[in-house]
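Overview (structure and organization)
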Amino acid sequence: MGNSVIKINNLSKIYKEGVNEVHALENIDLTINQGEFTAIVGPSGSGKTTLLNMIGGLDTPSSGNIIVNQTNLSSLSYNELINFRRDNVGFVFQAYNLIPVLTALENVSFIMDLQNIPSKISRKRAIELLESVGLGDRINSRPSKLSGGQQQRVAVARALASKPKFILADEPTANLDSKSAENLLDIMEQLNRKENITFIFSTHDQRVMNKARRIIKLEDGRVV
Amino acid sequence: MILLLSWKNIWRNKLRSIIIITSVILGLVAGIFVVGFMNGWVKQKIDSVIEIEIPHLQINSKTFIYQNDIENNFDISILEKKILQSKRVKALSPRIIINTMISSAHKVGGVQVYGIDPVKEKMVSDIYKNITKENGNYFNDNKPYSIVIGAKLAKKYQIKLRSKIVLSMVSIDGIQVSSAFRVCGIYDIGNPPFEESRVFVRDKDLREISSLPINRVHETGIRLIDNEISTLEEAKGFIIPLLNKDNKIRTWKEVNAMMGIYSDYMNIELMVIVSIILLGLGFGIVNTVLMSVMERKSELSMLMAIGMSKKKVLQMIILESTILTSFGGFIGMLLGLIIISTLHNTGMDISKSMSSVGEFGFSTMVYPAITVIQFSFIAFMVILTGILSAIYPSKAAMSINPAEGIRQ
């Protein structure tokens, strides 16, 4: 066992829909260690995205705790959660979610600007990251000029830019063709192995499951 | 980076931004033009009033102000020298003012006759500049019993240059007296009510007819070195202690209350006009920025998810709105300034569209102008409009739940 990055204790999330209560997550206990390449799998509505949102501090639990590097997320205020996300979590979204008016370089630099990193340093790091995902020659391209796979690689570079403790990737290959998906997974696996970066995926994609070294299966909000 | 992003966000929908910028430009050009036009119009009227009709300051006996009787006079001899010691005073002209009946071959009516020393009066009032060569002169020939009358009076009474007219009045002794005068000049200042009611003769002639003792006058007009309010107040402050309790000094604003109100409230009125224009534009800007925010809900959610604080979101949207407004504002103000400067030099002839204003003493040639304070106020209001217009869209942006917004 390595050092634990995330410890989840008895986590539950209940949504209210009118008078009915929907148990999105029920009594989840989980530990994720530094350097894991983990896939959270399960059918639609099983709670994968909810769990990822909880870990990323985008949503708050109804009960239970999420502890990231000794910080209990439940104890953080709204603004502290924003800073937590900025400094600890890298997000890769299914729809890439890049800023269309900014270039690849600017998209990657943006989060470092939020961290008040001087622009010279952030620019240098952004170029290095884009080169590491194979986009060194497209740094000045806007998202509309890049393919889906290339956009998702920019998103990975952006997720890495803030030097996060872990990366949460919600269905990162869902919108990609096979070749682009394989290519993206190779890059992420390489980053994981070389730089010991922790990756947590939510996915239906068998290719992701094949690459993952740990699979967490969710069903009806429970780990099975 | 926030500034860069805000700038790029503005140009996502070029047509929409161009429409709103154009609205700001047109609104501001219209606002500046209205401000400049009204300014020029009123300033010209005020300058004309000061230079021709009412001096900067005038001293009367208190009773004369309410009753223009010949006996309500005061001694000017010592006062004149003391007043002229003020550095703010350029010139002074003692005046005898008597209500008289004027008779021409065609008509009889009432006028106020001003007995003046032409040399001193020229230093205080520019009426002499408004006599064309064909209409005579301002007491240039030393013929006694000469009179200068207004163009409107000349027309109404069918009086021509060198015509003889008779003035009848009650002397200081209460005796009805009359004397004939020959018209030596006809002034035309574009203010018919003034032209119809005031005629000018030499003070020594009027003193002779009315038996008013030497050095006794009804009014002293004082011209200052400039039209600044500070000069006016300073000079008034200097003169007040010199007056005896029966005399009163009044500024041109106090003498002509209407012009005083124009002057004091014009700034407020003009600022209200600009504020209303910007308020209207503000609603357009709110709509544009709000649409832009709603279209970017998913993107704003992503930004908030990756760690952009609400403060930065607010900053970004305020910047977008302010840049949008200021961009149009800058062009609008520049265009407005160019138009005002051009018209200030060439003048605007409004005689065809607003010919009736001449009947009220306003010039039909307007020279628009705008003050630095007014221009700065407009610039400030433009920026304020941009900031205030961003509040509602910013609130909408900050209420977005990032977890929900990302998946939209």
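Presented here is an overview of the structure given in this document. (Residues numbered from 1 in each chain as written. Chains lettered and ligands numbered in written order. Predicted model: local features only at pLDDT ≥ 70, side-chain atom pairs only at ≥ 80, totals over all residues. Heavy atoms only, no water.)

Residue and element names in this part refer to chain A. Strand order in the open sheet formed by six strands is β6-β7-β8-β3-β9-β10, with mixed pairing between adjacent strands. Taken across any chain shown, the strands that pair with only one partner, and hence form the sheet edges, are β6 (89-92) and β10 (222-223). Inspection of the sheet shows β6 paired to strand β7 (residues 166-170) by four bridges, in the parallel sense. Looking at β7, one finds that Gly90 is bridged to Ile167. Contacts from helix α2 (residues 78-88) reach β6 and β7, with the element oriented near 75° to β6. (Pairing = 2+ DSSP bridges. Helix = DSSP H or I, 4+ residues; strand = E, 2+ residues; numbered from the N terminus. Contact = heavy atoms within 4.5 Å. Axes fitted to C-alpha atoms, helices over the stretch in contact; angles between N-to-C directions.)

Here we come to the pairing of strand β8 (residues 198-202) of chain B. All names here are of chain B. Most of β8 is tucked away, with five of its five residues classed as buried. Relative to β8, strand β4 (residues 108-116) runs parallel, the two being bridged by five bridges. Pairing of Ile116 across the sheet is with Arg202, part of β8. Bridge count between strand β5 (residues 146-150) and β8: two bridges; the pairing is antiparallel. Bridge assignment links Ile147 to a residue of β8, and that residue is Val201. (Buried < 20%, exposed > 50% of the residue type's maximum accessible area, 1.4 Å probe, protein only.)

Before going further, it helps to examine the pattern of salt bridges. The full count for this structure, using the stated rule, is 23 salt bridges over all chains. Two residues, Asp186 of chain A and Lys211 of chain A, come together in a salt bridge whose shortest N-O distance is 2.6 Å. Separated by 25 residues along the polypeptide, Asp186 of chain A in helix α6 (residues 178-195) and Lys211 of chain A in helix α7 (residues 206-211) bring together distant segments of the chain. Look at Asp186 of chain A and you get partly exposed, because its relative accessible area is 36%. Exposure remark for Lys211 of chain A: the relative accessible area of 19% places this residue in the buried category. Here Arg12 of chain B makes a salt bridge to Glu299 of chain B, at a shortest N to O gap of 2.5 Å. (Salt bridge = Lys/Arg side-chain N within 4 Å of Asp/Glu carboxyl O.)

Residue and element names in this part refer to chain B. Residues Thr231, Leu232, Ala235, Lys236 and Ile239 constitute the buried set of helix α9 (residues 229-239). Taken end-on, α9 shows its buried residues confined to a sector of 130°, consistent with a single buried face. Tucked into the core, α9 has its buried residues touching β1 (57-61), α4 (77-83), β3 (89-103), β10 (219-224), β11 (247-251) and α10 (252-255). (Arc of directions from axis to C-beta.)

All we've got here are geometric facts, nothing functional implied.
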